[in-house]
Amino acid sequence: MVLRGKPEEVIGKLLKTGKPLLSAKPTLILWEKDTEPYALKRDAAIIKLAKQNHVEVRTFSGHTLWDVEQALAKNKGKAPTTNNAMQTLAKALGEPAKPLAIPSKLPPLPPGAKAYDVPTLKQMGYAGSVQGYLSGGETAGAARMATMLKKTSFIRTFKKPQTRSTAYDPPDTTMLSPYFKFGCVSIREFYWGLKKVCSGASHSKPPESLLGQIYFREMAYLMGASIPNFDQQAGNPSCKQIPWAKNPKMLAAWEHGRTGFPYIDAAMRQLNRVGWMHHLARHAVACFLTRGDLWLSWEQGRDVFDKLLLDADWALNNMNWLALAGVAPWSPPFFRVYHPVPKMDSALNVKDPEAARERKRQYIYAPWTAPMEVQKTAGCIIGKDYPKPMVDHDEVCKANLLRFKRALSKAPSTGADCDTHGKALRS
Ligand code: FAD
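Residues numbered from 1 in each chain as written. Predicted model: local features only at pLDDT ≥ 70, side-chain atom pairs only at ≥ 80, totals over all residues.

> What is the right way to look at the nonpolar core in this model?
It is characteristic of soluble globular proteins that their nonpolar side chains tend to be buried jointly. Counting residues in hydrophobic clusters, the biggest one holds 81 residues, and the most contacted among them are L222, M223, A267, A284, V285 and L322. Residue contributions to this core peak at 10 residues, all from helix α9 (residues 210–226). What M223 contacts, discounting residues up to four positions off in sequence, is A79, F230, A315 and M319. (Core = buried A, V, L, I, M, F, W, Y, C linked by C-beta atoms within 7 Å. Buried ≥ 20, exposed ≤ 12 C-beta atoms within 10 Å, placed from the backbone. Helix = DSSP H or I, 4+ residues; strand = E, 2+ residues; numbered from the N terminus. Contact = placed C-beta atoms within 7 Å.)

Spelled out as structure tokens, the structure:
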């Protein structure tokens, strides 16, 4: 049953009178804990209201492998910042709880429950259904997880860096992230499923394995719950202070896939269209927006991801943007930049056997280098049918790395930086 309105108002009324769901005031309220700042504030308000109305509160941890507070306490209040440290903490914490069995029966819904049914997309203000290849909900999520857990060789040999960022239908990874994000499926069920498949067989190991991936997820929640101002540069002890530029035009070109770099644009168009992209493609576009090319703040990129990703998750999104902008202790070295024209089999794992075979697709990632004849034959004139690259990568990247270095040494930034940036902006 879905109540709509401000939590404090609708739940406040429920706690006081039982209305509109119950015939009497409740005695007990239970919910699943959440560690995001918004949820903490909301839950504190509900706890206060419950106390005022003499209603008992019980909360449970279910969205992570371990209870976030207990895991942090075990680690002296600090979140691990490497997968290795997470593995050590996991050992110290012991196996996470097994998921409970599905209840065989549920109490009947109160009369009038129909009025509180799950609202339609239209009722929630969306024009229609989102274009995508994922169906929402527990049934679809559970089916996807069950299918993945049946792929024993896929699980046992899974090494994240070897999965292809160009594979999309089907993708090379599980694409379970939206279901984890919304709690449609249980992370603990996935954990125990992975354990079962790997037990007694040789298998890949964290950080590259699927277990390693869900350790990254766990780390993100621990970081989000313990690092002050985790979602911003200001006041965040885990974020280097970088004087990022502001440029709404450049931001819009990036968001809508009009940078003139097909690898970046394809990834951003996929994000706009279906709400998901491969992890290494996320690396490439995040690096391009920040230290690599456009010198725009990771906070702006994070907001676009938050708006467009089906799996948009406060903790995971912030941890990864901080990493890719090169500003966090868990970032790769800031000077290791992804080239927006990836080579086949590059660090971004752009394996595309078809493109490699067909000579006519040799310009696929740098179409502006194609002779005019080739552009005409392809029906794609650069600057007319598809934008010219918006920056000269080599030029801006060099300038950006200098600026980054200067910011780290806290030397005052000079206006010359901006000139270099401006000149390099071609369209
Ligand atoms: P798989 O490779 O199959 O991994 C299984 C699960 O492990 C994922 O569903 C996810 O829950 C978890 N996981 C995998 N990689 C990571 C990671 N790097 N960090 C934390 N957890 C991970 N993931 C989100 O779920 N929500 C986000 O908002 C999000 N924002 C990101 C922003 C940037 C800039 C980057 C670089 C990565 C981001 N990720 C985010 C992490 C990662 O890209 C996605 O979790 C992954 O691509 C989802 O696809 P999958 O389910 O097939 O992953």
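> Mind showing me how you'd approach the packing of helix α12 (residues 279–292) against helix α14 (residues 314–324) here?
Where α12 contacts α14, the two axes come as close as 9 Å, and the packing angle between them is 60 degrees. Our classification of the angle between α12 and α14 gives oblique. Seen along the crossing, α12 lies across α14 with a hand that is right-handed. Between α12 and α14, the residues in contact are R282, H283, A286, C287 and T290 and N320, W321 and L324, respectively. (Axes fitted to C-alpha atoms, helices over the stretch in contact; angles between N-to-C directions. Parallel < 35°, antiparallel > 145°, perpendicular 65-115°, else oblique. Left-handed = near helix turned anticlockwise from the far one by under 90°.)

> Teacher, can you tell me more about the environment of A44 here?
Relative to the assigned elements, A44 resides in helix α2 (residues 37–52). What makes A44 exposed here is the crowd of 10 C-beta atoms within 10 Å. Along the primary structure A44 and R4 are separated by 40 residues, whereas in three dimensions their C-alpha atoms are 19 Å apart.

> Explain the UniProt feature "domain: Photolyase/cryptochrome alpha/beta" (unreviewed entry) in the protein to me, please; I cannot follow it from the model alone.
The UniProt record annotates "domain: Photolyase/cryptochrome alpha/beta" (unreviewed entry) at residues 1–65. Between the C-alpha atoms that bound residues 1–65 the distance is 27 Å, and the span itself is 42% helix and 15% strand. (UniProt positions renumbered as here; feature names shortened; annotations may be inferred.)

> When you look at the site of the ligand in this model, what are you seeing that I'm missing?
The environment of the ligand is formed by 28 residues, the closest being T173, T174, S177, N317 and N320. Elements with a contribution of two residues or more to the shell around the ligand: α7 (177–181), α9, α12 and α14. Of the residues forming the shell around the ligand, the biggest block, six residues, is contributed by α9. (Near = placed C-beta within 6 Å.)

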